[in-house]
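# A closer look at the structure
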Amino acid sequence: MEFETADSMLEYCRSTGRTYVTFTLVQTGRELGTVVLELYTDIAPETCANFLRLVRGGQHSYEDTPIHRVVKSGWIQGGDVVDGSGKGDPGFTLPDETFAVKHDDKGILGMANKGQPHTAASQFYISLSPLPFLDGKRVAFGKVLTVDGLESLGKLENLQTYINERPVPDVTATKWHVLYEP
């Protein structure tokens, strides 16, 4: 979506009854852009609640965590709140709450897991294209709201990566905050 003003975006947020989160992508001190996420709190309330706990911080936090994987035309992945490697285990898991949200568009937000049911924890992904092979296997629970956010993610697709698909130099997700919560 594209909004003419910040007020019109907030008006839209209020009209949905859902929660909205924002973060900024940074590489070597340069901002690549800001991403606004719409959380489907009405469809996946427990998954969204876990995500919001990590946005707000505490024992674990998304603040200043790396985007540790970029799969061209696939997805970006981040949210390793332990060591940023993509292998960190925060010591908890989530049940697969619902598979109602399909991976049918660019910008779908979902929880990464270990390839087994009920193994998601803190890591999330955002699709860079439709990913129907994830339907019924990964819990999607939101989407990128703004065109600017999609353009920011698109910038990541063309970055140089290591063999393990980690951007070179690192890209960090920072300035996490709740934009609107009913």
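Residues numbered from 1 in each chain as written. Predicted model: local features only at pLDDT ≥ 70, side-chain atom pairs only at ≥ 80, totals over all residues. Heavy atoms only, no water.

### Considerations on the pairing of strand β7 (residues 140-144)
Which entries qualify depends on this criterion: Each residue is assigned to one of three classes by its accessible area relative to the maximum for its type, calculated with a 1.4 Å probe on protein chains only: buried under 20%, partly exposed between the two thresholds, exposed over 50%. Working definition: helices are DSSP H or I runs of at least four residues, strands are E runs of at least two. Numbering for both runs from the N terminus. Here a strand pair is declared whenever DSSP counts at least two bridges between the two strands.
β7 sits mainly inside the fold: 4 of its 5 residues count as buried. In terms of strand pairing, strand β2 (residues 30-39) meets β7 through 3 bridges, oriented antiparallel. Across the sheet, residue Leu39 finds its bridge partner in β7, namely Gly142. As judged from the 3 bridges shared by strand β5 (residues 108-111) and β7, these two strands associate in the antiparallel manner. Residue pairing across strands places Gly110 opposite Ala140, the latter belonging to β7.

### Notes on the sheet that holds strand β6 (residues 124-127)
For clarity, the cut-off: An axis is simply a line fitted to the C-alpha atoms; with a helix, the fit covers only the stretch in contact. Between two such axes, the angle follows the N-to-C directions and lies from 0 to 180 degrees. Should any heavy atoms of two residues lie within 4.5 Å, those residues are considered in contact.
The sheet built from 8 strands closes into a barrel, its strands ordered β1-β2-β7-β5-β6-β4-β3-β8 with antiparallel pairing. Going across the sheet, the axis of each strand differs from the next one's by a mean of 35°, ignoring polarity. Contacting β1 (19-27), β2 and β8 (171-180), helix α1 (residues 6-16) runs over the sheet at an angle of about 65° to β8. Lying over the sheet, helix α3 (residues 147-157) contacts β1, β2, β3 (65-71), β4 (75-78), β6, β7 and β8, oriented at roughly 125° with respect to β2.

### Considerations on helix α2 (residues 45-56)
This is how the line gets drawn: Multiply 1.5 Å by the residue count of a helix minus one, and that product is the helix's expected span.
The end-to-end C-alpha distance of α2 is 16 Å, a good match for the 16 Å that 12 residues give at a rise of 1.5 Å each. Burial in α2 covers these residues: Thr47, Cys48, Asn50, Phe51, Leu52, Leu54 and Val55. Summarising the contacts, the buried residues of α2 are in contact with β1, β2, β5, β6, β7 and β8. Positive backbone phi, at 90°, marks Gly57, one or two positions downstream of α2.

### Structural notes on the packing of aromatic side chains
The test is simple: Two rings belonging to Phe, Tyr or Trp (six-membered ring only in the last case) form a pair when the distance between their centres is within 6.5 Å. Interplanar angles under 30 degrees mark stacking, angles over 60 mark edge-to-face geometry, and anything in between is tilted.
This structure, assessed with the given rule, holds 10 aromatic pairs. Look at Phe51 and Trp176: their rings are 6.0 Å apart centre to centre, the planes differ by 70°, and that puts the pair in the edge-to-face class. With Phe51 in helix α2 and Trp176 in strand β8, this pair connects stretches of sequence that are 125 residues apart. Trp176 shares its class with Phe51; the two are buried. Chaining the aromatic ring pairs together yields one cluster made of Phe23, Phe51, Tyr62, Phe124, Phe141 and Trp176.

### Describing the environment of Met111
Its location among the elements puts Met111 in strand β5. Residue class for Met111 comes out buried when judged on its relative accessible area of 2%. Met111 sits 64 residues away from Thr47 along the chain, and the two C-alpha atoms are 8.3 Å apart. With near-sequence residues (within four places) excluded, Met111 lies in contact with Thr47, Asn50, Leu94, Ala120, Ala121, Ser122, Gln123, Phe124, Tyr125, Arg138, Val139 and Phe141.

Purely spatial values, then, with no claim about function.
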